[in-house]
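Below are the chains, spelled out letter by letter.
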Amino acid sequence: MRRQGLYNRQHAKQAGAVKGMIGRLLIAVVVVICTISFLVLWTSNGGGPSGFRSELNLDKLWRGADSGGWRPSSAPRSNWPPPPRETNGYLRVRCNGGLNQQRTAICNAVLAARIMNAALVLPELDANSFWHDDSGFRGIYDVEHFIMSLRYDVKIVEKIPEIRKNGKTKKIKAVQLRPPRDAPISWYTTDALAKMKEHGAIYLTPFSHRLAEEIDNPEYQRLRCRVNYHALRFKTNIIKLSQSIVDKLRSQGHFMSIHLRFEMDMLAFAGCFDIFNPKEQEILKKYRKENFAPKKLVYEERRAIGKCPLTPEEVGLILRAMGFNNSTKIYLAAGELFGGERFMKPFRALFPHLENHSSVDPADELAENTQGLLGSAVDYMVCLLSDIFMPTYDGPSNFANNLLGHRLYYGFRTTIRPDRKALAPIFIDLEKGRTMGFEEAVRQAMLNTNLGGPHKRIPPDSFYTNSWPECFCQTSPKNPAHKCPPDNVLEILNSQLGEATDDLESVPQSNSTIYVAER
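Read on for a plain summary of the structure. (Residues numbered from 1 in each chain as written. Predicted model: local features only at pLDDT ≥ 70, side-chain atom pairs only at ≥ 80, totals over all residues. Heavy atoms only, no water.)

**Here's the deal with helix α21 (residues 438–447)**
One turn of an α-helix holds 3.6 residues; hence residues three or four places apart share an orientation.
Reasoning step 1: A large share of α21 lies buried, amounting to seven of its 10 residues.
Reasoning step 2: Every buried residue of α21 is accounted for by Phe-438, Val-442, Arg-443, Gln-444, Ala-445, Met-446 and Leu-447. (Buried < 20%, exposed > 50% of the residue type's maximum accessible area, 1.4 Å probe, protein only. Helix = DSSP H or I, 4+ residues; strand = E, 2+ residues; numbered from the N terminus.)

**Here we look at the packing of aromatic side chains**
Reasoning step 1: In the structure shown here, the tally under the stated rule is 21 aromatic pairs.
Reasoning step 2: Taking 5.7 Å as the distance between ring centres and 85 degrees as the angle between the ring planes, the aromatic pair formed by Trp-62 and Phe-324 counts as edge-to-face. Of this pair, Trp-62 sits in helix α4 (residues 58–63) while Phe-324 sits in the loop between α14 (312–322) and β11 (330–333), and the two are 262 residues apart along the sequence. Neither residue differs from the other here; Trp-62 and Phe-324 are each classed as buried.
Reasoning step 3: Measuring from centroid to centroid gives 6.0 Å for Phe-463 and Tyr-464, while their planes differ by 80 degrees, and the two rings are edge-to-face. Both residues of the pair, Phe-463 and Tyr-464, belong to the buried class.
Reasoning step 4: These aromatic residues form a ring-pair network of at least three members: Phe-137, Tyr-141, Phe-146, Phe-234, Tyr-380 and Phe-399.
Reasoning step 5: The positively charged end of Arg-92 is found above the aromatic ring belonging to Tyr-203, 3.8 Å away from the centroid.
Reasoning step 6: Looking at Arg-114, its charged tip hangs above the ring of Trp-80, at a distance of 3.8 Å from the centre. (Phe/Tyr/Trp six-rings, centres within 6.5 Å; stacked < 30°, edge-to-face > 60°. Lys NZ or Arg CZ within 6 Å of the ring centre and 35° of its normal.)

**Some details on the packing of α14 against helix α20 (residues 420–431)**
A packed helix pair is summarised by two numbers, namely the angle formed by the two axes and the spacing between the axes.
Reasoning step 1: Relative orientation of the contacting elements α14 and α20 amounts to 105 degrees, with a least axis distance of 12 Å. Here α20 runs roughly perpendicular to α14, going by the angle between their axes. Contacts from Glu-314, Leu-317 and Ile-318 of α14 reach α20 at Leu-423, Phe-427, Leu-430 and Glu-431.
Reasoning step 2: For the contact of α14 with α20, the class distribution of residues is five nonpolar, no polar and two charged. (Axes fitted to C-alpha atoms, helices over the stretch in contact; angles between N-to-C directions. Parallel < 35°, antiparallel > 145°, perpendicular 65-115°, else oblique. Contact = heavy atoms within 4.5 Å. Nonpolar A, V, L, I, M, F, W, Y, C, P; charged D, E, K, R; others polar.)

**Regarding the pattern of salt bridges**
Reasoning step 1: Overall, the coordinates contain 21 salt bridges when judged by the stated rule.
Reasoning step 2: The salt bridge partner of Asp-153 is Arg-226, with a shortest N-O separation of 2.8 Å. You can see Asp-153 sitting in the loop between α7 (143–149) and β5 (155–157) and its partner Arg-226 sitting in helix α9 (residues 218–231), a full 73 residues away along the chain. Considered together, Asp-153 and Arg-226 belong to a single accessibility category, that of buried residues. (Salt bridge = Lys/Arg side-chain N within 4 Å of Asp/Glu carboxyl O.)

**Focus: the nonpolar core**
Reasoning step 1: Among the nonpolar cores identified, the biggest contains 75 residues, and Leu-91, Phe-146, Tyr-188 and Phe-234 are the most heavily contacted of them.
Reasoning step 2: In terms of residue count, the dominant contributor to this core is helix α5 (residues 99–116) (11 residues).
Reasoning step 3: Residue-level mapping places this core at the junction of two domains, with at least three residues from each of domain 1 (90–230) and domain 2 (236–474).
Reasoning step 4: Beyond its immediate chain neighbours, meaning those up to four positions away, Leu-91 contacts Ala-109, Ala-112, Ala-113, Met-116, Ala-118, Ala-119, Leu-120, Val-121, Met-196, Ile-202 and Leu-204.
Reasoning step 5: Ile-258, Leu-260, Phe-351 and Leu-423 belong to the second-largest nonpolar core, a separate cluster that totals 41 residues. (Core = buried A, V, L, I, M, F, W, Y, C linked by side-chain atoms within 4.5 Å. Domains from an automatic or database assignment.)

**Topic: the state of the cysteines**
The bond known as a disulfide is covalent and runs between the sulfur atoms of two cysteines.
Reasoning step 1: One pass over the structure, following the stated rule, counts three disulfides.
Reasoning step 2: Each disulfide pairs two cysteine sulfurs, and for Cys-473 the partner residue is Cys-484, the sulfurs being separated by 2.0 Å. An S-S torsion of about 85 degrees defines the bridge between Cys-473 and Cys-484 as right-handed. Of this pair, Cys-473 sits in strand β15 (residues 472–473) while Cys-484 sits in the loop between β15 and α22 (489–497), and the two are 11 residues apart along the sequence. Each of the two residues, Cys-473 as well as Cys-484, counts as buried.
Reasoning step 3: Look at the chain and number its bonded cysteines as they come in the sequence; the links are 1-4, 2-3, 5-6. (Disulfide = S-S within 2.5 Å.)

**Some remarks on the environment of Cys-473**
Reasoning step 1: The exposure class assigned to Cys-473 is buried, which follows from its relative accessible area of 0%.
Reasoning step 2: Sequence separation of Cys-473 and Cys-484 is 11 residues, and the distance between their C-alpha atoms is 4.8 Å.
Reasoning step 3: If we ignore the near neighbours within four places in the chain, the residues touching Cys-473 are Gly-69, Trp-70, Arg-71, Ser-73, Arg-77, His-482, Lys-483, Cys-484 and Pro-485.

In structure tokens form, the structure reads like this:
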């Protein structure tokens, strides 16, 4: 009432007009400043018509990320003596989990053997309750290549040999140990080594995530890369199947692979139940109770911070916002999607050219083992070789995380890694009917993600997700620690080992599956 009375006074009309003009000018100035600030910020993030085209140009995404002058190199760069003839004993490990968890465990086992100066017995692959697959190491990997590739690093045997003592043949019995999770090197050089010297052999089980990933020794980290990207080569039948699928997919141009992790175990782990019907919710809650530690999870809270796996429809909307059209060919690497076709239908409407290993190559070998280690190995190779790879949930997903690291090592191949935390409020707004600016908001969120180039490893990313810079080098580095090893590094290793060998650090000449497997 006081403000109204003031403006009703005759003698204040002029003053009011001046104040009104000043107020309007101030508002105009603020609007201009905010607009300029927004444009500057948008442009700096790659926004705007020209900025967006330069940052998310689809032709560039199909070609791969900028290497920044880096190239993969896991050869030793300092004194790296070969394994001595006399070891401290034998190391057995049982690698549990799925294919990629086992792969990580194998890398850790080789490093553990090197640390303890032990002879590594060919790792055992757990025929666990999920896979129901007893293929074993020989059924998946090329054993001879594995042993030969690592001869500079560790001694590997297929089984613990028998010994003769006092004229009698005697078996060495490995004493069983349970390593602590993410055990430090000191545990292996003390507790484990003492038991090995005492008994002649130790058996570490279970062996998954039983060696710390962050180790302040770049040569040890490079050994992990030599195992992961060079020594672990799938068997010939897997390579041929994978290459056949890749050839058929690429016969009509580029193709993208997506790891669609909209599966029961991940949904139960994340506690994302509310989008399902009561019966499905009951199944998820039962699975969670039986497989995960009790924890109160509120769906709205989990959803708001991006802890839920992306739905197939959300994946499709992200790709459409980035500029991919319905002619894009997509290879799906996924287990059984929870909720069935009703969740796939919107995705299929956006991107009808969807394939999986069974639809591209319905070979009898795959048909008989679609969900086993063979099917997972083929999916892994096809995703590795695809032009673009997109993991939809890379939290505790060993498949996605290992592929991110392998594609980085394999020439910085493009990955689209959605920032679920940044995207969550955008999708929540969409669900509430606020559609204006949706695609631009998605694009801005994606501009702030790494698309496959060299980038700093930030927790919770593991070394297997990003081995930069330890397993990379530069020919003209600013930091001497990043200098590539000498051209004659293999001659040096050969002279120390006392035998000739093949080149483990050959430069890629093509995109062949066989070459990738060797790397």
